[in-house]
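Examining the three-dimensional arrangement
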Amino acid sequence: MKIMFKTHFSPSAADDGPAFRIRLSGLSAGYPGRPVLHQLDAEIPALAATALVGPNGSGKSTLLGVLAGVIRPTAGELHSAGHRPPAFVPQRGAVGDTLPLTVRQTVEMGRWGIRGPWRRLTRHDRAAVDSIMERLGIADLAPRQLGEVSGGQRQRALIAQGLAQESDLLLLDEPTTGLDPEARARIAALLTELVTDGVTVVQATHDLDAARSADACLVLCEGRLTGQGHPGELLTPEAVARMWQPV
Ligand SMILES: Nc1ncnc2c1ncn2[C@@H]1O[C@H](COP(=O)(O)OP(=O)(O)OP(=O)(O)O)[C@@H](O)[C@H]1O
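Since the model is a prediction, treat every value here as computed from it, not as a measurement.

Focus: the overall build of the chain
Summing up its helical and strand segments, the chain has nine helices and ten strands in all. Within the span of the chain, comprising 247 residues, buried residues form 38% of the whole. Taking the intrachain contacts of the chain between residues at least 6 apart in sequence as the baseline, contacts between residues at least 24 apart amount to 73%.

Structural notes on the site of the ligand
The immediate surroundings of the ligand are formed by Tyr31, Arg34, Val36, Gly54, Asn56, Gly57, Ser58, Gly59, Lys60, Ser61, Thr62 and Ala204. Going through the elements one at a time, strand S3 (34-45) and helix H1 (60-68) are the ones with two or more residues in the shell around the ligand. Broken down by element, the shell around the ligand gets its largest block of residues, three residues, from H1.

A closer look at the pairing of strand S4 (residues 49-53)
Taken across its five residues, S4 has five buried, putting it largely inside the fold. Side chains of S4 alternate between two faces, with Ala49, Ala51 and Val53 and Thr50 and Leu52 buried alike. Across four bridges, the pairing between S4 and strand S8 (residues 200-204) is parallel. Paired with alanine 51 across the strands is glutamine 203, a residue of S8. Across four bridges, the pairing between S4 and strand S9 (residues 216-221) is parallel. Residue leucine 52 lies in a different strand from S9, and its bridge partner there is leucine 218.

Section: the environment of alanine 51
For alanine 51, the position within the fold is in strand S4. When the C-alpha atoms of alanine 51 and histidine 206 are compared, they prove to be 9.4 Å apart, with 155 residues separating the residues in sequence. Excluding residues that lie within four positions of it along the chain, alanine 51 makes contacts with Gln203, Thr205, Ala210, Ala211, Ala214, Cys217 and Pro231.

Description of unusual backbone geometry
Unlike most non-glycine residues, glutamine 39 shows phi in positive territory, near 50 degrees. Take glutamine 39: it is sitting in strand S3. Despite not being glycine, glutamate 222 has its phi angle at roughly 50 degrees, a positive value. With 14 C-beta atoms packed within 10 Å, glutamate 222 lands in the partly exposed category.

Points about helix H4 (residues 123-135)
In an α-helix, one turn spans 3.6 residues; hence positions three or four apart end up facing the same way. End to end, H4 covers 18 Å across 13 residues, agreeing with the expected 18 Å (1.5 Å per residue, within 8%). Considered for burial, the residues of H4 that qualify are Ala128, Val129, Ile132 and Met133. Taken down its axis, H4 places every buried residue within 130 degrees of arc, on the same side. Facing away from the buried side of H4, by more than 90 degrees, are the exposed residues Arg123, His124, Ala127 and Glu134. Close packing links the buried residues of H4 with helix H2 (103-108) and helix H5 (151-163). Note on H4: the residue one or two positions beyond its end, glycine 137, has a positive phi of about 70 degrees.

Looking at the domain arrangement of the chain
Domains assigned within the chain are domain 1 (1-8 + 19-86 + 181-247) and domain 2 (89-166). The centre of domain 1, based on its C-alpha atoms, is set 24 Å off from the matching centre of domain 2. At the junction of the two partners, domain 1 supplies four residues and domain 2 supplies four residues. Here the side of domain 1 that touches domain 2 is composed, by residue class, of four nonpolar, no polar and no charged.

Procedures and definitions
Residues numbered from 1 in each chain as written. Predicted model: local features only at pLDDT ≥ 70, side-chain atom pairs only at ≥ 80, totals over all residues. Helix = DSSP H or I, 4+ residues; strand = E, 2+ residues; numbered from the N terminus. Buried ≥ 20, exposed ≤ 12 C-beta atoms within 10 Å, placed from the backbone. Contact = placed C-beta atoms within 7 Å. Near = placed C-beta within 6 Å. Pairing = 2+ DSSP bridges. Expected span 1.5 Å × (residues − 1). Arc of directions from axis to C-beta. Domains from an automatic or database assignment. Nonpolar A, V, L, I, M, F, W, Y, C, P; charged D, E, K, R; others polar.

Structure representation (structure tokens):
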């Protein structure tokens, strides 16, 4: 297994093919005694939004874990064309309701990768956190406990934590699941804005509207890549019905 980093990368220099942020070649990964992803050959385009789609248990979160660097591939190669570590926004349900953290402390934790855990934040860190919280419309929630805000507000706090890491690669695990249409639309608009700002966004999702509005799509089924390309071509009603057909 190899993880490679390209030292010079220009998203617009596409002479040798389309620009990618991550390329997977024959990549396999899983958990001790449980192989999940099998021989994936895929590209995550740079400066675009990519949706990871597939039925429950197809390996979307596992693939995000590999892209985030928390799950090591067991075979194959992962080429990264970026310099900065990715920012990973976990599933909202994976973050305990009872964590004794305010919304602001949650966002500030995003600076730990830069500053170190529990270290005093600099004026620059605090200004970055302020501006991200403003941008996500959660500034007035700063002193509230994370477990006491709504699902959509908590999701925005977690995305803010991801943005506070100032990475050029944002990985999100089901950021809109369980949210009402207004909260979903707000997050979708934010992710589109981030791409315009120069961030490569990858989200695992069951939200077909979110997946269809992405620039690219990877379809997983039982840990194998069964489709890769534009969501409009891959996520037709027939293909979606086939994908979620009970076996
Ligand atoms: N920590 C773990 N240890 C062992 N097996 C795991 C672990 N996490 C997930 N799995 C297994 O890996 C497989 C893929 O799970 P994964 O969570 O990646 O799928 P998913 O497509 O994200 O599913 P969902 O849509 O339900 O979130 C499943 O069979 C799951 O049971």
